[in-house]
Amino acid sequence: MASEAAAHDRDHHLLHSHAHEEGIPGTVNLKAAEGDDVAYGQALFPVPAEDPNDPLQWSNFKKTMILIICSFYSFLANSSLIGPSPYIDLWSEEFGVSPTKASELVSYPNLAFGFGSLIFVPMYLKYGRRPVMLFSLVTFAAGLIGASRCTTYDGLLAARIVHGFGSCVCEALPVQLVNDIFFLHERGKRIGYYTVCLCLGTFGSLPAGYMLAGGYGWRLFFYVEFAFAMALLILAFFFVEETSYDRKAFTNPPTPPNETEKEGVSEIEKGSQQANLAVPPRKSLLQTLSLWGRIDNDVPFFATMIRSFTYFLVPQSLWIGLSALALSYTFPILIVSPPYNWAVTNSGLFAVAAVVGYGLAVPFTSSSDRLAAYFTKRNNGIREAEMRLGVMLPAMLIGPAGIVLYGLTAERGLHWICFFVGGAMNYWSAYFYFSFTLAYAVDSYYANTSEMLIAMNIGKQAISFGLGLKVLAWVLESGYAVVISGAFGGVLLLNNVFLLFFMIWGKKLRKFMSETWLARLHFRSIREVTTH
């Protein structure tokens, strides 16, 4: 009889399921059969192999540790990129450049953070998640310690690009690991945890500002980041096991033969069948600590890079890219100018808005999973990718409203609390769009997750770079109301209302895309990835 998956001890019980994907990508049959493990009364998907080394069969403790390490790495990497925002004016004076030029010390590392996925994602697909993550952490740490010792603008920019490029794996690998080790019904919640950590990286600007108050200078920020990066490297070495797995090699044995067929089976064939039914032992601790991942010779490194750009033609991945709007560039300059005249050491306090916004969103982390399970039950066990999107309806309008409030506050010199209210509204909304649009895109095209993540990350960071690189010059020329409230708010609203399009026509779009030349182009990679 089917039983709740959470009730089982995974160290002694191997999970079973007969769930399967239907003909349309993103449509999954979750009807539970006799003997299936279930969650929310529905069968588990993906279907785990009869092997304790299958990441889907690992203990909850191991899975949680991997998620915590990857999520904290995302927080640390993002804080290292955005955290130094309060230093823009300081760097302008120290290096003798304009504030716009100094802001490039934040813009270009963010661009490297996105485009690095072109290299790192094919690397972890071909050579394994574990070695690429460890290499990423080493590169990240090297860039941080280099930044802490720089004395020139060009040197600091180079070091910042190195640690931004090295940590780019944080944009894709955590989502890949969620797919590797968690089931469909757990995906929204786990991606939500990762998203909170990634987005809370903006909190790094708060301690960055107060380090100046202590008289330590901007270099201390990179020393602290380096120390955490080394601690994280040690934790990753011991806890992040290789999650790339060839599930095809451990498919369930065929249905047992009938009595007539049994009589004609030789003893050798019987022995062979029994051997096939044997469950392999769990890897030893030393085996799990190997620096070598599972090399997949079937993954074409350069073809993976090239194919990823075709996902800009897939609306779900473009939707992710258009979610990336930030306010971190303008607040440190606004708040130290009249009529506010705050001290430079307090210019990082806008991180409080992010903490409040994301903190109020955390209780909704599992909401999309529960809503999707509810609609799946009403749909006779058939899961559609769009079933999780309803929870995003309030965020569709709240985010743009927050952007408008922020821009009008800057333009008209309203009370400083309005900056924080508008920012918190934007961040609260951003949580839903970062988390659940990502989960939706992955649900829609599960087999090609990694290639889609490349497109998402490049699109997101390129738009952030494009909007952020000249934002200071734009607002000086046209005003905050026009640029922030009008342009940024308008783009965000246009992006958000696409929610209605996907809720109504999402399945038809998935079906259409599955019949185009794009589907034929990705057919081989679909067959490859679904076995891993």
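What counts and what doesn't
- Residues numbered from 1 in each chain as written.
- Predicted model: local features only at pLDDT ≥ 70, side-chain atom pairs only at ≥ 80, totals over all residues.
- Heavy atoms only, no water.
- Helix = DSSP H or I, 4+ residues; strand = E, 2+ residues; numbered from the N terminus.
- Contact = heavy atoms within 4.5 Å.
- Areas by Shrake-Rupley, 256 points an atom, 1.4 Å probe, with all protein chains shown as cover.
- Buried < 20%, exposed > 50% of the residue type's maximum accessible area, 1.4 Å probe, protein only.
- Pairing = 2+ DSSP bridges.
- Patch = residues over 30% accessible without salt bridge, like charges linked within 9 Å, V, L, I, M, F, W, Y side chains within 5 Å.
- Salt bridge = Lys/Arg side-chain N within 4 Å of Asp/Glu carboxyl O.
- Phe/Tyr/Trp six-rings, centres within 6.5 Å; stacked < 30°, edge-to-face > 60°.
- Lys NZ or Arg CZ within 6 Å of the ring centre and 35° of its normal.
- Axes fitted to C-alpha atoms, helices over the stretch in contact; angles between N-to-C directions.
- Parallel < 35°, antiparallel > 145°, perpendicular 65-115°, else oblique.
- Nonpolar A, V, L, I, M, F, W, Y, C, P; charged D, E, K, R; others polar.
- pLDDT = per-residue confidence, 0-100.
- Core = buried A, V, L, I, M, F, W, Y, C linked by side-chain atoms within 4.5 Å.
- Expected span 1.5 Å × (residues − 1).
- Left-handed = near helix turned anticlockwise from the far one by under 90°.

A. A look at the overall build of the protein chain. Scanning the protein chain for helices and strands turns up 26 helices and six strands. Sequence-distant contacts, at least 24 apart, represent 83% of the contacts inside the protein chain between residues at least 6 apart. Accessible surface, the protein chain: about 21900 Å² in total, of which carbon and sulfur atoms supply 67%.

B. Highlighting the side chain of S92. Within the secondary structure layout, S92 lies in helix α2 (residues 88-95). Other than its neighbours up to four places away in sequence, S92 contacts V97, S98, P99 and A102.

C. Representation of unusual backbone geometry. Across the junction of F45 and P46, the peptide omega takes the value 0°, indicating a cis bond. For P46, the location among the structural elements is in the loop between β5 (42-43) and α1 (60-82). The peptide bond linking P338 to P339 adopts the cis configuration, its omega dihedral lying at 5°. Positive phi values are uncommon outside glycine, yet Y40 reaches one of about 55°. Along the chain, Y40 turns up in the loop between β4 (37-39) and β5. Despite not being glycine, N380 shows a phi value in the positive range, around 60°. For N380, the position within the fold is in the loop between α19 (367-378) and β6 (382-384). Of the residues examined, N380 reaches a relative accessible area of 54% and is grouped as exposed.

D. Layout of the sheet that holds strand β2 (residues 20-21). Across the sheet, which stays open at both edges, the three strands sit in the order β2-β3-β6 with antiparallel pairing between neighbours. Lying at the two open borders of the sheet, with one neighbouring strand each, are β2 and β6.

E. Main features of a nonpolar patch on the surface. Judged by side-chain polarity, L393, L397, L493, L494, V497, F498, L500, F501, M503, I504 and W505 come together as a nonpolar surface patch covering roughly 960 Å² of accessible area. Elements with a minimum of two residues in the nonpolar patch: α20 (393-412) and α24 (480-513). Per-element accounting of the nonpolar patch gives the leading share, nine residues, to α24. Structurally, M503 can be placed in helix α24.

F. Molecular detail of the packing of aromatic side chains. Scanning the model with the defined rule gives 37 aromatic pairs in all. A cation sits over an aromatic face here: K62 above W58, 5.5 Å from the ring centre. Its end group placed over the ring of F237, R130 keeps NZ or CZ at 5.1 Å from the ring centre.

G. Looking closely at the pattern of salt bridges. With the rule as written, the count across this model stands at twelve salt bridges. D180 is the salt-bridge partner of R129, the closest N and O atoms lying 2.9 Å from each other. Of this pair, R129 sits in helix α6 (residues 129-148) while D180 sits in helix α8 (residues 173-181), and the two are 51 residues apart along the sequence. For R129, a relative accessible area of 5% gives the class buried. Residue classification places D180 among the buried residues on the basis of a relative accessible area of 6%. Each of the salt bridges in this network shares a partner with another, and the network as a whole consists of R187, D369, R388 and D443.

H. Fine view of the packing of α1 against α8. One can describe the packing of α1 onto α8 by two numbers: an axis separation of 10 Å at closest approach and a directional angle of 170°. Overall, the two elements α1 and α8 adopt an arrangement that is roughly antiparallel. Every residue of α8 that contacts α1 at K63, I66, L67, C70 and S74 is listed here: P174, L177, V178 and I181. Residues of the contact of α1 with α8, tallied by class, amount to seven nonpolar, one polar and one charged.

I. Structural view of the environment of A112. With respect to the helices, strands and loops of the structure, A112 is situated in helix α4 (residues 104-115). Along the primary structure A112 and C168 are separated by 56 residues, whereas in three dimensions their C-alpha atoms are 7.4 Å apart. Aside from chain neighbours lying at most four places away, what touches A112 is I161, G164, F165 and C168.

J. Looking closely at the confidence of the model for the protein chain. When pLDDT is averaged along the protein chain, the result is 82, and 83% of the positions lie at 70 or above. Predicted confidence for residues 321-325 stays below pLDDT 50, and this span has 16 contacts to residues more than four positions away or in other chains.

K. View of the nonpolar core. One finds Y73, W91, Y124, M133, L156 and L438 to be the most contacted residues of the largest nonpolar core, which totals 72 residues. Beyond its immediate stretch of four places on either side in the chain, W91 contacts P84, G96, V97, A102, L105, L156, W218 and F222. In terms of nonpolar packing, the next biggest core, distinct from the first, is built from 46 residues, A353, Y406, V475 and L492 among them.

L. Here's a closer look at helix α7 (residues 153-166). The end-to-end C-alpha separation of α7 is 20 Å, in line with the 20 Å expected for 14 residues at 1.5 Å each. Along α7, the positions that sit buried rather than exposed are Y153, L156, L157, A159, R160, H163, G164 and G166.

M. Quick look at the packing of helix α21 (residues 417-444) against α24. At their nearest, the axes of α21 and α24 sit 12 Å apart, and the two run at 25° to each other. When the interaxial angle is binned, α21 and α24 end up roughly parallel. Classified by chirality, the crossing of α24 by α21 is left-handed. On the side of α21, the interface is formed by N426, S429, Y433, Y440 and S444, while α24 contributes L492, N495, N496, L499, F502, G506 and R510. Residue composition of the contact of α21 with α24, grouped by class: five nonpolar, six polar and one charged.

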